[in-house]
Amino acid sequence: MSGGRRYPFIGFAFIFAVTFSLTANGSDAVYPVRSVLAAYSTYGTIPVPVLTEEEMAVLQAGEPVVKTAVESGEGGVSKFGVVGLRVIDSPRLLVWLTAMGVASEPDVRLTRAMLTEPTIGTYVRYQHVNLPWPLRDRHWVIHCEKDTDIAHASDGRFWEHRWQLVEDGEALLPAAINDGRISGLTAKQMSKSVYLPANQGAWSAASVGHDKTLVIASFDGSLGGMFPDAMVRRFAKIHLREGLNLIAELSRRAHLEYADSRVIYDGFGRPISREDVQRAASATLTAGRRQRPMMAEQGTESL
């Protein structure tokens with residue numbers, strides 16, 4: 001179960017919304033981004049920062065906005081929190097699948113292993129990343145779960161996935177190596193790796209129709225060691241920006257790869273059927289075909 005896949009959004013929290021389309025209780029009302037963020041503050045757990053007018057313009061242009069949320073350096077450990085947002089041209093279901101690991105890219109630096117089988121979207125996962133010399137490798141164990149209370153309270157408007165570092169996670173590793181749950185790493189490699197002091201976050205999704213999703217991502221953690229604060233901040237922002245962009249790119253093929261993927265659970269903790277995924281993808285393609293002639297006409301008028 002070793003990794004060879006790229007997940008730059010690991011440890012980040014995701015909220016999806018854009019011109020939020022409320023479908024619960026039969027309503028088709030559409031809300032601007034600011035209203036979506038205000039609605040999320042009622043149900044969700046992630047502190048979303050206030051955006052400037054310039055940042056809102058960048059966001060609505062389809063570019064990522066990444067901000068530092070928390071900074072500290074107590075006890076020689078640099079902690080950081082970052083929040084990022086980006087509008088993605090894919091339906092919530094496909095973006096959700098992508099963020100959960102479907103349709104990813106190879107990355108030889110990263111090893112992943114499931115330490116427990118998912119139950120209603122709850123599981124324990126091990127992750128290890130190779131860092132260039134002279135840096136020591138990092139690894140961690142996280143407990144992941146779907147916050148089904150938020151999904152029910154919001155009538156399904158928001159799906160939320162969150163994780164928390166397992167503080168004594170290293171104690172789980174010898175047995176996982178012995179029984180084959182972790183492969184591709186030796187016990188010596190793992191013993192020389194630094195266990196992250198902190199790694200937590202949550203990501204949520206709000207449906208916006210078939211083809212637009214606003215992604216908001218946040219992460220709070222520590223690299224361990226004596227990393228300068230400026231380096232930690234820069235790493236976190238670059239990492240999050242890459243993750244948002246990669247989700248936007250890979251979500252277009254999530255429906256193809258889900259056919260051979262393990263089952264993914266939605267925000268209610270229900271397994272997502274492959275039929276629902278194919279329907280979401282088909283609806284997006286159909287909408288795209290209908291919009292292309294209209295876009296051409298609009299382009300002519302603007303000249």
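Residues numbered from 1 in each chain as written. Predicted model: local features only at pLDDT ≥ 70, side-chain atom pairs only at ≥ 80, totals over all residues. Heavy atoms only, no water.

Those residues of helix 2 (residues 53-60) that sit buried are Glu55, Met56 and Leu59. The arc enclosing the buried residues of helix 2, seen along the axis, measures out at 100 degrees, which places them on a common side. Facing away from the buried surface of helix 2 by more than 90 degrees, the exposed residues are Glu53 and Glu54. Following helix 2 by one or two positions, Gly62 has its phi on the positive side, about 90 degrees. (Buried < 20%, exposed > 50% of the residue type's maximum accessible area, 1.4 Å probe, protein only. Helix = DSSP H or I, 4+ residues; strand = E, 2+ residues; numbered from the N terminus. Arc of directions from axis to C-beta.)

Side-chain pairs of opposite charge can arise where the charged atoms are in close proximity. All told, the structure shown has 7 salt bridges when counted by the stated rule. Across the pair Asp179 and Arg181 runs a salt bridge whose closest N-O atoms are separated by 2.9 Å. Assessed through its relative accessible area of 47%, Asp179 is described here as partly exposed. The class of Arg181 is partly exposed, set by a relative accessible area of 25%. Here Asp276 makes a salt bridge to Arg279, at a shortest N to O gap of 2.2 Å. Here Arg279 and Asp276 lie together in helix 9 (residues 274-302), a separation of 3 residues that amounts to about one turn. Using a relative accessible area of 36% as the deciding quantity, one classes Asp276 as partly exposed. Residue classification places Arg279 among the exposed residues on the basis of a relative accessible area of 51%. Here the salt bridges do not stand alone but share partners, grouping Glu145, Asp147 and Arg162 into one network. (Salt bridge = Lys/Arg side-chain N within 4 Å of Asp/Glu carboxyl O.)

Moving on: the packing of aromatic side chains. What characterises a pair of aromatic rings is the spacing of the ring centres plus the angle enclosed by the ring planes. Going through the model one piece at a time under the given rule, you end up with 4 aromatic pairs. Look at Tyr43 and Phe158: their rings are 6.1 Å apart centre to centre, the planes differ by 40 degrees, and that puts the pair in the tilted class. Here Phe158 lies in strand 7 (residues 158-165) and Tyr43 lies in helix 1 (residues 33-43), a separation of 115 residues in the sequence. Given the relative accessible area of 23%, Tyr43 is considered partly exposed. What makes Phe158 buried here is its relative accessible area of 0%. Relative to Trp203, the ring of Trp96 has its centre 4.4 Å away and its plane inclined at 55 degrees; by these criteria the two rings are tilted. Placement of Trp96 in helix 3 (residues 92-99) and of Trp203 in strand 9 (residues 198-206) is noted, with a sequence separation of 107 residues between them. The class for Trp96 is buried, based on a relative accessible area of 0%. Given a relative accessible area of 2%, Trp203 falls into the buried group. One cation-aromatic arrangement involves Arg92 over Trp159; the distance from NZ or CZ to the ring centre is 3.8 Å. Taking NZ or CZ as reference, Arg262 lies 6.0 Å from the ring centre of Tyr123, over its face. (Phe/Tyr/Trp six-rings, centres within 6.5 Å; stacked < 30°, edge-to-face > 60°. Lys NZ or Arg CZ within 6 Å of the ring centre and 35° of its normal.)

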